[in-house]
Amino acid sequence: MHRLAALVEQLNRAERREEVYEAALSGMGTLLEADYAAILLFGEDDRAHFVAWRGLPDEYRAAADGHSPWPPTEADAQPVVVSDVGDCDLDPALCAQIVRQGIRSLAFFPLARHDRLLGKFMTYWARPHGCRPGHVVIGRVVALHVAAALGRLLDAEALQRSEEHFRALIEQSTDLIVLVSPDGTILYESPAASEILGFHPSERVGRSVFERIHPGEIDAAKGFFGRLAREAGRSLVGELQIRHRDGELRCLEVRGRNLLAHPAVRALILNISDITERQQAARALRASEERYRSLFEESRDAIYISTPAGEMLDLNPAGVRLFGFASREEALTASAYDLYWEPSGRERFAALMREQGFVEELESDLRTVDGDRRRVLETASAVLDGEGQVVAYRGTLRDVTVQRALEEQLRQTQKMEAVGRLAGGVAHDFNNLLTAINGYSELLLRRLPAGDPCRREVEEIHRAGRRAAELTGQLLTLSRRQVHAPRRLNLNREVSDLERLLRRVLGEGLELSLSLDAAPAAVQGDAGQLEQVLLNLALNARDAMPGGGKIEIATRNVWLGEEETGSFPGVVPGPFVELSVRDNGTGMDGEVLEHLFEPFFTTKERGSGTGLGLPTVYGIVRQNGGLIRVESSLGEGSCFRVLWPAAHAHATAGGPWSRTDEPQPGEPALDAATMLLVEDERSVRELLATALREAGLTVLEAGDGEEALRLASEDQPIDLLLSDLRMPRLGGGELAKALRRAQPTLRVLFMSGYTERSGVGDGDGLARETVLQKPFSNADLLAAVEEALAAPETRGTNHGRTDRQ
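Residues numbered from 1 in each chain as written. Predicted model: local features only at pLDDT ≥ 70, side-chain atom pairs only at ≥ 80, totals over all residues. Heavy atoms only, no water.

## A look at the sheet that holds strand 3 (residues 80–82)
The antiparallel open sheet is built from five strands, whose spatial order is 2-1-5-4-3. Both outer strands of the open sheet, strand 2 (48–54) and strand 3, are each paired with one neighbouring strand and no more. Neighbour to neighbour, the strand axes of the sheet diverge by 20° on average, direction disregarded. Where strand 1 (residues 36–42) lies against strand 5 (residues 116–125), six bridges are found, and the strand directions are antiparallel. Following the sheet pairing, Leu40 is matched in strand 5 by Lys120. (Pairing = 2+ DSSP bridges. Helix = DSSP H or I, 4+ residues; strand = E, 2+ residues; numbered from the N terminus. Axes fitted to C-alpha atoms, helices over the stretch in contact; angles between N-to-C directions.)

## Details of the sheet that holds strand 19 (residues 549–560)
The sheet built from five strands is open, its strands ordered 17-19-20-22-21 with mixed pairing. Of all strands in the sheet, those with a lone pairing partner are strand 17 (510–515) and strand 21 (627–632), marking the two edges. Between one strand and the next, the sheet's axes are offset by a mean angle of 20°, whatever the strand orientation. The sheet contact formed by strand 20 (residues 574–583) and strand 22 (residues 638–645) spans eight bridges and is antiparallel. Each bridged residue has a counterpart across the sheet, and for Asp583 the counterpart in strand 22 is Ser638.

## What about the nonpolar core?
Formed by 36 residues in total, the largest nonpolar core has its most connected members in Leu502, Leu534, Leu537, Ile551, Ile553, Leu579 and Val642. Those elements that provide at least two residues to this core are helix 15 (491–506), strand 17, helix 16 (527–543), strand 19, strand 20, helix 19 (613–623) and strand 22. A per-element tally of this core places helix 16 first, with seven residues. Those residues in contact with Val642 that sit more than four places away from it in its chain are Val533, Leu537, Val577, Glu578, Leu579, Val621, Leu627 and Ile628. The next biggest cluster of nonpolar side chains, apart from the first, holds 32 residues, and it includes Val20, Ala107, Val146 and Leu150. (Core = buried A, V, L, I, M, F, W, Y, C linked by side-chain atoms within 4.5 Å. Buried < 20%, exposed > 50% of the residue type's maximum accessible area, 1.4 Å probe, protein only. Contact = heavy atoms within 4.5 Å.)

## Examining empty space enclosed by the protein
Applying the stated criterion to the full structure yields three cavities of 30 Å³ or more. Here the largest cavity is characterised by a volume of approximately 110 Å³. Contributing to the lining of the largest cavity are 14 residues, with Val209, Leu240, Ile242, Leu252 and Ile272 lying nearest its centre. Counting residues per element, the ones that place at least two in the lining of the largest cavity are strand 6 (176–180), strand 8 (235–243), strand 9 (249–259) and strand 10 (267–274). (1 Å grid on protein atoms, 1.4 Å probe; cavity = no way out; pocket = protein on both sides within 12 Å on 5 of 7 lines; lining within 4 Å. Points joined across faces, edges and corners; volume = space filled by probe spheres on them.)

## Focus: the packing of aromatic side chains
Applying the stated rule across the entire model yields eight aromatic pairs. Relative to Tyr60, the ring of Phe50 lies with its centre 6.3 Å away and its plane at 75°, an arrangement referred to as edge-to-face. In this pair, Phe50 sits in strand 2 while Tyr60 sits in helix 3 (residues 58–64), placing the two residues ten residues apart along the sequence. For the residue pair Phe50 and Tyr60, the accessibility class agrees, reading buried in each case. Measuring from ring centre to ring centre gives 5.5 Å for Tyr60 and Tyr124, while their planes differ by 85°; the resulting arrangement is edge-to-face. Within this pair, whereas Tyr60 is found in helix 3, its partner Tyr124 is found in strand 5, the two being separated by 64 residues in sequence. Accessibility assignment for this pair places Tyr60 and Tyr124 in one class, buried. Feature note: the residues Phe50, Trp53, Tyr60 and Tyr124 constitute an aromatic cluster, connected by ring pairs. When the ring centre of Phe210 is taken as origin, the NZ or CZ atom of Lys222, which lies over that ring, is 5.8 Å away. Sitting above the plane of the Trp341 ring, Arg367 keeps its charged end 4.2 Å from the centroid. (Phe/Tyr/Trp six-rings, centres within 6.5 Å; stacked < 30°, edge-to-face > 60°. Lys NZ or Arg CZ within 6 Å of the ring centre and 35° of its normal.)

## Details of the pairing of strand 7 (residues 186–189)
By the bridge criterion, three bridges tie strand 6 to strand 7 in an arrangement that is antiparallel. In the strand pairing of strand 7, Val180 is matched with Ile186. In this structure, the hairpin formed by strand 6 and strand 7 is closed by a connection of five residues, where Gly184 is found at a positive phi of approximately 95°.

## Quick notes on the environment of Gly151
For Gly151, the position within the fold is in helix 5 (residues 133–172). By relative accessible area, which is 0% here, Gly151 ends up buried. C-alpha of Gly151 to C-alpha of Leu111: the two residues are 40 residues apart in sequence and 9.4 Å apart in space. Sequence-distant contacts of Gly151, defined by excluding residues within four places in its chain, comprise Arg113 and Leu118.

## Side note on the pattern of salt bridges
Per the stated rule, a full pass over the model turns up 42 salt bridges. In this structure, the salt-bridge partner of Arg17 is Glu157, at a minimum N-O distance of 3.2 Å. Taken together, the positions of Arg17 in helix 2 (residues 17–31) and Glu157 in helix 5 put the pair 140 residues apart, joining distant regions of the chain. We classify Arg17 as partly exposed; its relative accessible area is 25%. Here Arg116 makes a salt bridge to Asp155, at a shortest N to O gap of 3.8 Å. A residue pair is termed long-range when its members are at least 10 positions apart, and Arg116 in strand 5 and Asp155 in helix 5 qualify at 39 residues. Within the structure, one salt-bridge network assembled from shared partners comprises Glu363, Asp365, Arg373, Arg375 and Arg404. (Salt bridge = Lys/Arg side-chain N within 4 Å of Asp/Glu carboxyl O.)

This is the structure in structure tokens:
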């Protein structure tokens, strides 16, 4: 018994498992007179494995490892004694292995503690029946004390491992762990304090947890700790700002738990995370979202998000305006498929998105709510979910309707430019021929008496010549190649000349009437532009009366004072001639009137108007120093009043006026003037000379510029040079400059069959001289000569009249 007590004392004092193993194996062998002994403990695989042994060979241990008469869950296991291995119920192979090791009997003693089976203690004898009855009692006692010692040491090891694990977690954690007393004194801080606060944990222990908290958040922090401390087991989460050692404010998230009642803690435990970067990222994300939202809301391009099925998920204000929706809410009820002009448009878009996942500046036609057609450039990309599936389309729409219309106009202009170049190439010859034909027929008509049988044929020749001249002029006007040649115009005559054309253009069903002033003042303008103004206004009136109606064109003299012209730059108070076009059509409301002269604004059906007719009228009238007024109301028709400045008027406010027929001071009378006529086309030159001489002028003729210089050098005074612009060897412009070097006050009048002012530039002092566009009538010629002779004498380079081109 003394040996047993010593063994038990030794086991109780053991501080390491190895000491337990050594004492148990030695003591048990002695007390039980065993030849061998071993200790096996259950592992994580629930099998018993050798941890210590005495005298057992490796071969046996390898065969017996893992075997146990009890499972680890059998806490009340009893000792098992095998008196003779040769006659037992053990596994035969295992028994054979045991016998080969010289073992004839053995005993199993369970190592149980607190209802837990730790393993088994094995004793072996080389003889049968080695375990006597008293050995079982001793073995059970020793096993109980071995189990107690091992359990104690295993629990200590587990606790140490747990503490080390917890310590590693605390010390390696990026979060700061703080233990705080109820009064706010810091009891412990983890190493993360150095990173989060800039202080070593030892510097903070014993200080107040409220130190370095932002002054503006002290009250909130104290309220947080107060609520946390009042209730055991309570958890709270909050945010606060604390100043780092370097002075920077850090934003912290604090998770607190009340463990004052926990015997191992007895403190408030705080888990603190530095969320400064997260907050900064959140602010940056919010700013980015705000920028995106701002871009989304303020973009001039439409921005949309839709599903592949066509459901509209979002549309910015520009998109709402583009399609004409009343609101974004209305837009989100629409199907993207319905917004394409043709179903094939959306199908083409969807096919490209399926094939490549994006489209870039895909040109498509869309339909607005009102049914208008808009041309857009669409750029879009697919939005994918986490599995790579397309969940939406996100894109932009740029409205290029106006741009494409302008490009089409440019193409049309280029076509007309080509027509104009072709027309200009033949204009000179045609116009010279027509000048001769019309001029000579006009002379013949003047000389033939009314009853002459040839007069009818000559009249037909004259009419045909005028018609040919009109066709040439219309071709040039169509191609925008007609020369802008302002001259004195009689509005009554211009309107009357256009009457037949207007009736043909307006068609049947419309009644056209003229109400012309008996003696309208002359105006200064281009006949082609005036024709364009009148045609546009008449066609606009026709379109306002699809069911037929009446159009009245009228002229009258009016006077505009300062109060009527003051708000219009370039418009001078004085006498004007009013040209009005009135219809009894549908009329216009205030909104239409407000936008009437805006380019591309039209109330006509698609394809029926360009929106450029009235802006062109407005531009021509303002270019010529005039005004245009519009009177209209729905159902009452419209009246367009074009106010054209009178030319060289001498009148008083409110009274009639006319140009005096008497020569003005410095103006030579026609029968006292000498002209130098220069024209390389003989038939035209002879015609013009005849017409001018019959008007009483003295005419010197020259076939080209060089001959004209020789004539001018004969010291004969010349009042007016009338010269063709394009001639061989020396053109009209060069000739005029050469003559003015000798006679600076020489008046100049050009004529040309071409469609540009060739040879006349702004830098030579000739840019504003009148150019007579061939073919012209004898009357036009004489009017131009009379006007040129009436002009003030030219001095230096500042010559020409302001009403000349």
